[in-house]
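# A structural walkthrough
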Amino acid sequence: MFFSKKIKRTFISFVAAISLISCGAVFTTPVHADATSSYQADQLNLNVKSAIAIDSDSGQILYAKNADKTLPIASMTKLVTVYLTLQAIKNKKLSWYQKVKPTAPIVKVANNTEYSNVPLKMGHSYTIRQLYQATLIESANGAAMLLGQTIAGSQKAFINQMRAQVKKWGIEDAKIYTACGLPNGNLGKDAYPGVNKNDENTMSAKDMAIIGQNLIKDFPEVLDTTKIAHLNFKDGNKVTKMANFNWMLKGLSQYDEAYPVDGLKTGTTDAAGACFIGTVEHSGARLITVVMGARHQDGTDPSRFIQTKKLMNFIFNKYRPITMTAGSQMNGAKSIKVTDGDNATTNLGLKNRTTIWDPADDKTLVASLDKKTVEAPITKDQTIGNYQFKSGNEKIVSLSNPNGMNVKAKALSANGKVNFFVRIWRWLFGGR
C-alpha cells in the first residue's frame, strides 16, 4: 500500500514537472516586431523618415524609428553590389587586377554629369579594384553597373543575383531594379525590363542595417576602402579626383573626432532624400546606424550627418557596451537543473565572446535561460540553450529576435547520466 501511494505521488509530481517545463517562459512581457520598429523612438527626435542603430556583431537594436517602413535607398544599394563583388573575388570568379571594358549604355550613364560618377570611356579598360574603389568612394554609378555586368553578364542577371542575396539574409520586402541605386529609367537600355521608369530600389532601415552587418561580418576589409576620404581615379593620362560623399570622414566637412566613422555609404535621389548608413567603433564595440529621408535642400546640405551625430551621441550616452569572454557566467542564470545527472545542476556560461550594450540606468543586467532543465548526459562546452537579457524593465532585443536577443549558453563542465537502477530509485523514493 505504501509503495502504491508513493508511486502515485511521484507520478503526479513527474507529470506536473513535465507540464512546467513545457510551459516555461523566459520573460513574461512580449515585445512584438512593431515595437522594435520604433524602439526608444520617443527618447530621441530625429528629423528623418526612418532610422535604426544596432550593434554590428550581435544585431542588438539600440534605437529605431519607423525601421520597418520601406523607402527609397538610392546609392546605399551599392553595398549589395560591393558584397557580391567581394564574394566573387573570394570565390575566384573575379580578380582585383582583372581588366574589363564598359558597354555603351554604361558609358552613357558614367558620363552623365547629373549623377555621381567617374567618367568611363568606350574601349578603355579598368581594373576591378578601380571600379570597386570608385563605387564606394565617389559613389560612381557607371562603375557599379560595370561591376554587376562583369559578375553576371547583364544588368538584369545581376539584379536577380542581388534579389536572391538579400533574400538569403531574410530580407523579404526589398524591391531592387538597378545595381547603382538610380531610378530604373535613368539606365536607358540597361533599365530592368517590364518595370516603370520611375521605380527605385526600396528597403527599410532595418534591411539596410542587416546588409551593413553582413558586409562587415563577411568582408571586414571593406572598411579599408570606405574610410578613404580622397583618392585619384586614373584613366590613362587623365586623373579624376574622387572625394567621399561620407563627409563625416577625417578631412571632410562634417568630421568630428567624437564620432570617428569609417564607413559605410550615402544615398541621394529626389524620392529618397538624403540617406546614410554609418559605422563607428566605440568602447570596443562596433555600431551601425542608418538614417533615411533626411532633409536634402541641395548638394551642400549636411542634414543626414547632423542627424547621424545626434543618433550616435544618444547611443553613446544611453548605453555602455560590455564585452564578455566565452565562459563568463551571467547574473540570474549561472546554472541549470539536470535530469538524471550525476550532479543535480550544471554551471553555465557564454558560448562565445559577446558584447551587450547595457542601458546606463544603474540597473543590473540580468540573464534568463530559455529552458528550465536539461537531460543528462552533458559534455563540457555543449550548447545548452539561449540567454536573454533585461536591464530593469528594459528587454534587450535584436534584429533577428524582437522578443529578446538570443545569446548561446554552454555547459562549463560535463555531467554524466546515472544508471538505470539509480534512476528507478530516485523515481520511487525521491532525491536528486
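You'll find the protein entered in an unreviewed UniProt entry as serine-type D-Ala-D-Ala carboxypeptidase, with Lactobacillus amylovorus subsp. animalium given as the organism. Per UniProt, the comment on the protein under Pathway (unreviewed entry) is "Cell wall biogenesis; peptidoglycan biosynthesis." Under the heading Function (unreviewed entry), UniProt records this for the protein: "Removes C-terminal D-alanyl residues from sugar-peptide cell wall precursors."

This paragraph deals with empty space enclosed by the protein. Under the criterion given, the structure shown has one cavity of 30 Å³ or more. In this structure, the largest cavity occupies an estimated 30 Å³ of space. Forming the walls of the largest cavity are L136, I137, E138, S139, N244, F245, N246, L264, K265 and T266. Of all the secondary structure elements, the ones that give two or more residues to the lining of the largest cavity are α5 (128-137) and β9 (263-269). The leading source of residues in the lining of the largest cavity is β9, at three residues. Among the residues making up the lining of the largest cavity, the classes are represented as four nonpolar, four polar and two charged.

Time to look at the sheet that holds strand β1 (residues 50-55). With antiparallel pairing, five strands are arranged side by side in an open sheet as β2-β1-β11-β10-β9. Of all strands in the sheet, those bounded by a partner on one side alone are β2 (61-65) and β9. Adjacent strand axes in the sheet meet at a mean angle of 10°, parallel and antiparallel pairs treated alike. Sheet topology places β1 next to strand β11 (residues 285-294); six bridges connect them, and they run antiparallel. Among the inter-strand pairings, A51 is bridged to a residue of β11, identified as V291. The sheet contacts of helix α8 (residues 205-218) involve β1, β9, β10 (273-282) and β11, and relative to β11 the element is tilted by about 145°.

Okay, helix α6 (residues 141-152) next. The end-to-end C-alpha distance of α6, which contains 12 residues, comes to 17 Å, matching closely the 16 Å that a straight helix rising 1.5 Å per residue would cover. Of the residues making up α6, those classed as buried are N141, G142, A143, A144, M145, L146, L147, G148 and Q149. Those residues of α6 hidden inside the fold are in contact with α3 (78-90), β4 (99-100), α4 (104-110), α5 and α7 (155-168). In the segment just after α6, G153 is the residue with positive phi, at about 100°.

Turning our attention to the environment of Q87. Among the secondary structure elements, Q87 is positioned in helix α3. Sequence separation between Q87 and F219 is 132 residues, and the spatial gap between their C-alpha atoms is 8.5 Å. Setting aside residues no more than four positions away along its own chain, Q87 makes contact with Q165 and F219.

Right, let's talk about the packing of aromatic side chains for a bit. Scanning the entire structure with this criterion turns up nine aromatic pairs. Relative to F219, the ring of Y83 lies with its centre 5.2 Å away and its plane at 70°, an arrangement referred to as edge-to-face. Here F219 lies in the loop between α8 and α9 (223-226) and Y83 lies in helix α3, a separation of 136 residues in the sequence. Across the pair, exposure class does not vary: Y83 and F219 are buried alike. Joined through ring pairs, the aromatic side chains of Y83, W169 and F219 make up one cluster. Taking NZ or CZ as reference, R129 lies 4.6 Å from the ring centre of W96, over its face. Its guanidinium or amino end placed over the ring of Y192, R163 lies 4.4 Å from that ring's centre, counting from NZ or CZ.

For the rest of this paragraph, the subject is the packing of α3 against α8. In contact at an axis separation of 10 Å, α3 and α8 are set at 25° when each is read in the N-to-C sense. Put simply, α3 runs roughly parallel to α8. α8 is crossed by α3, and the crossing has left-handed handedness. Of α8, the residues touching α3 (which contributes L79, V80, V82, Y83 and L86) are M208, I211, N214, L215 and D218. Residues of the contact of α3 with α8, tallied by class, amount to eight nonpolar, one polar and one charged.

Turning next to the layout of surface pockets. By volume, the second largest pocket is sized at about 590 Å³. The wall of the second largest pocket is formed by 25 residues, among which E114, Y115, S116, T268 and T269 lie closest to the centre. A total of five residues in the lining of the second largest pocket trace back to one element, the largest contributor, which is β9. In terms of residue class, the lining of the second largest pocket is built from seven nonpolar, 13 polar and five charged.

Cut-off values and rules
Residues numbered from 1 in each chain as written. Predicted model: local features only at pLDDT ≥ 70, side-chain atom pairs only at ≥ 80, totals over all residues. Heavy atoms only, no water. UniProt positions renumbered as here; feature names shortened; annotations may be inferred. 1 Å grid on protein atoms, 1.4 Å probe; cavity = no way out; pocket = protein on both sides within 12 Å on 5 of 7 lines; lining within 4 Å. Points joined across faces, edges and corners; volume = space filled by probe spheres on them. Helix = DSSP H or I, 4+ residues; strand = E, 2+ residues; numbered from the N terminus. Nonpolar A, V, L, I, M, F, W, Y, C, P; charged D, E, K, R; others polar. Pairing = 2+ DSSP bridges. Axes fitted to C-alpha atoms, helices over the stretch in contact; angles between N-to-C directions. Contact = heavy atoms within 4.5 Å. Expected span 1.5 Å × (residues − 1). Buried < 20%, exposed > 50% of the residue type's maximum accessible area, 1.4 Å probe, protein only. Phe/Tyr/Trp six-rings, centres within 6.5 Å; stacked < 30°, edge-to-face > 60°. Lys NZ or Arg CZ within 6 Å of the ring centre and 35° of its normal. Parallel < 35°, antiparallel > 145°, perpendicular 65-115°, else oblique. Left-handed = near helix turned anticlockwise from the far one by under 90°.

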